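# Commentary on secondary and tertiary structure
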Amino acid sequence: MIENNSTLQLEVAELMVQALNLDTAVAEIDPDAPLYGDGLGLDSIDILEVALVISKRYGLQLKADSEDNHRIFSSLRNLTDYVATHKTK
Amino acid sequence: MRTLPLVTHTSLDETVAWRKGTAISVEKFLTDVAYLAALLPHGKHVLNICRDRYHFMVGLAAAIISNKVSLLPPTHTPEMVQQLQAFSADVFCLHDNDDCDIALPQLRYPVVMPEHHSVNMTIPQIDAQQLVAIVFTSGSTGAPNPYSKSWGSLVQNVQAQSSRLGLSANINYSIIGTIPPQHMYGFESTVLLPLQSGNALSSAQPFYPADICSTLEATPSPRILVSTPLHLRLLLEAKLKLPELALVLSATAPLSTSLAHKVEASCKAPLLEIYGSTETGQIATRRTAQAMEWQLLPEVRLTQHGEHIWAEGGHVETSVPLNDIIETVDLEHFLLHGRTQDLINIAGKRSSLANLNHHLNAVEGVIDGAFFMPDEVSHDHVTRLSACVVAPSLTASTLLTALRVRIDPVFLPRPLLFVESLPRNSTGKLPRDALQKLIAGYIGQDIGSAGLKNTR
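Model, not experiment: these values are computed from the prediction. (Residues numbered from 1 in each chain as written. Chains lettered and ligands numbered in written order. Predicted model: local features only at pLDDT ≥ 70, side-chain atom pairs only at ≥ 80, totals over all residues.)

Facing 18 residues of chain A, the contacting portion of chain B comprises 21 residues. A breakdown of the residues in the side of chain A that touches chain B according to their chemical character gives eight nonpolar, six polar and four charged. (Contact = placed C-beta atoms within 7 Å. Nonpolar A, V, L, I, M, F, W, Y, C, P; charged D, E, K, R; others polar.)

Our next topic: the pairing of strand E4 (residues 45–48) of chain B. Residue and element names in this part refer to chain B. With two bridges joining them, E4 and strand E5 (residues 69–72) adopt parallel strand pairing. In the strand pairing of E5, Val46 is matched with Ser70. A crossover links E4 with its parallel partner E5, the connecting element being helix H2 (residues 53–65), and its sense is right-handed. Pairing of E4 with strand E6 (residues 92–95), which is carried by three bridges, proceeds in the parallel orientation. Paired with Asn48 across the two strands is Leu94, which belongs to E6. (Pairing = 2+ DSSP bridges. Helix = DSSP H or I, 4+ residues; strand = E, 2+ residues; numbered from the N terminus. Right-handed = clockwise from strand over helix to strand, strands pointing away.)

Here we take up the packing of helix H1 (residues 26–39) of chain B against H2 of chain B. To describe two helices that pack against each other, one gives the angle between their axes and the distance between the axes. Residue and element names in this part refer to chain B. With their axes 8 Å apart at the nearest point, H1 and H2 run at an angle of 60° to one another. Crossing angle aside, the handedness with which H1 passes H2 is right-handed. From H1, Phe29, Asp32, Val33, Leu36 and Ala37 reach across to H2, where they touch Val58, Gly59, Ala61, Ala62 and Ile65. Residues belonging to the contact of H1 with H2 are distributed by class as follows: eight nonpolar, one polar and one charged. (Axes fitted to C-alpha atoms, helices over the stretch in contact; angles between N-to-C directions. Left-handed = near helix turned anticlockwise from the far one by under 90°.)

All names here are of chain B. Of the pairings in the sheet, the one linking strand E13 (residues 223–227) to strand E14 (residues 247–250) comprises four bridges and is parallel in character. In the strand pairing of E14, Val226 is matched with Leu249. As a crossover connection, the stretch from E13 through helix H7 (residues 229–237) into E14 is right-handed. With three bridges joining them, E14 and strand E15 (residues 271–277) adopt parallel strand pairing.

Another aspect to go through is the packing of helix H4 (residues 151–165) of chain B against helix H5 (residues 184–196) of chain B. Residues and elements named next belong to chain B. Relative orientation of the contacting elements H4 and H5 amounts to 90°, with a least axis distance of 9 Å. Between H4 and H5, the angle falls in the class roughly perpendicular. For the pair H4 and H5, the contacting residues are Leu154, Val155, Asn157, Val158, Gln159, Gln161 and Ser162 in the first and Glu188, Leu192, Leu193 and Gln196 in the second. When grouped by side-chain class, the residues that make up the contact of H4 with H5 number five nonpolar, five polar and one charged. (Parallel < 35°, antiparallel > 145°, perpendicular 65-115°, else oblique.)

Residue and element names in this part refer to chain B. In terms of domain boundaries, chain B breaks down into domain 1 (3–339) and domain 2 (344–444). Each of domain 1 and domain 2 has a C-alpha centre, and the two are 31 Å apart. With 25 residues of domain 1 at the interface, the matching set in domain 2 holds 19 residues. Among the elements of the structure, helix H3 (78–87) and H7 are those that each provide at least two residues to the side of domain 1 that touches domain 2. Its residues assigned to classes, the side of domain 1 that touches domain 2 shows ten nonpolar, twelve polar and three charged. (Domains from an automatic or database assignment.)

Side chains that are three or four residues apart share a direction in an α-helix, a result of its 3.6 residues per turn. All names here are of chain A. Counted at 1.5 Å a residue, the expected span for helix H1 (residues 5–20) with its 16 residues is 22 Å, and the 22 Å between its end C-alpha atoms agrees. Residues of H1 that are buried: Gln9, Val12, Ala13, Met16 and Leu20. The arc enclosing the buried residues of H1, seen along the axis, measures out at 100°, which places them on a common side. Structural note: H1 exposes Thr7, Glu14 and Gln18 on the side pointing more than 90 degrees away from its buried face. Against helix H2 (44–58) and helix H3 (76–86) lie the buried residues of H1. (Expected span 1.5 Å × (residues − 1). Buried ≥ 20, exposed ≤ 12 C-beta atoms within 10 Å, placed from the backbone. Arc of directions from axis to C-beta.)

Right, let's get into the sheet that holds strand E26 (residues 386–390) of chain B. Residue and element names in this part refer to chain B. Read across the sheet, three strands follow the order E25-E26-E27 without closing on themselves; strand pairing throughout is mixed. Each of the sheet's edge strands pairs with one partner strand only, and the pair in question is strand E25 (368–372) and strand E27 (416–418). Across the sheet, the mean angle separating the axes of adjacent strands is 15° when strand polarity is ignored. Two elements, E26 and E27, share three bridges in a ladder whose sense is parallel. Across the sheet, Cys388 pairs through a bridge with Leu417, a residue of E27. Along the sheet face, helix H9 (residues 353–362) touches E25 and E26 and points at about 145° away from the line of E25.

Turning our eyes to something else, we now look at the sheet that holds strand E10 (residues 145–150) of chain B. All names here are of chain B. Pairing within the open sheet is mixed, and its six strands lie in the order E7-E6-E4-E5-E9-E10. For this open sheet the edge positions go to strand E7 (106–108) and E10, each flanked by a neighbour on one side alone. Averaged over all neighbouring strand pairs, the angle between strand axes comes to 30°, with direction disregarded. Helix-sheet contacts for H4 involve strand E9 (131–137) and E10, and the interaxial angle to E10 is about 75°.

Below, the structure written as structure tokens:
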């Protein structure tokens, strides 16, 4: 992971915890564990809600482009990398 | 024998689907159907889980011309797949992804289809009485309830829909769906509707709002967007520039009037809501921005039998009780006042408290347990279930893992509360307000306090 992504990773985790009212502490989320399904246990509805918050905060639109819809959410690390690559603010 | 054509398009050159920017003609479709039909195993029952909507449609049609029955269960959990196998031992799974983990004999949708077109191709005629699909609801004791759909009744249903929507016979609409074709609403409105109204489906199943926009842009006008209150709300909140739309459909949950107005204003198109159920198929529509009343499809009627309102007539082959609280206005119109209390509908996935409680209490280590559906905060937001369990030997994660095998993930409780006992009354019943009070008491506590383990 790129060095300055660790701040972003915490920020993204914080947004997710707030958006979904999770009872998990940000620091407890394993950056490599799946967010979807097993692991953190998010489903498609959660992912769409988090995607909305992230798109507003970072000025980006998430796109699956006919790939696996949940790939961006395969882990906190992947989600953070996606945000780092696509953010405009 | 009365027969009805597989597709109502009048020429083999007409477009029946759009896939990755390419038009697929009726001729190409029928070639693919014949090729796939020859590959199908002997089993009479098909679980078609293809994600690509065109693949799903080819799989459905190949099954129909081979006199096979497509099974549409409410979820694809390992437990449900076992139940399907108990229902029909010969069931096989048709899929189009490389990591399909359905525990049934599998057939992968061909990665490459032959280009060869047979000569003298004709549109197959199907016996109207032929059983083509069995749709399941989750039932109340774990075993799913089957509802048989004949070709004739499905065709009659979507043709009534097509005339209600005012789809003109000589215009080729593109139909883009944000819902899977395996869901009854998606099955009717994104697969059968284009097949039986001379229109074309889009193979995509766009997920994020930006994906919905780019799929719309890649599909020619006039376009019909088939969606849900959840997707429409998120699409509007994303504030993207939407391409021109001719019509928007919504179903799975009632839409608020305010969202309906916003959708019509942003999409510059009428928004029609569809009312129906797995048992009945779609039976009514309304233009929510203009009227709260639902208008029944022609020939469908509602009658009161005892406590319930039943639907009958038209494509509804045998009378079916409805699970909603309905006030009839006149022969053709009614108002909807919510669901009967036991029924749960989360983002179009349906179950009942009885069924969910059955699964919760069947998990080893659970001494007692009950799901609870909080009051809905808003029509356009998804409300989640809570649950209380007495299970001193289990952790939250082991219990959730066991539940995940049995019930669809949208029903997983949040929060899941571990309690010492449930407030059952002297007859063993669990009054809703007692459960509500218990949960409110726990949620008010410090989350980290002893005795309370949470969902995550």
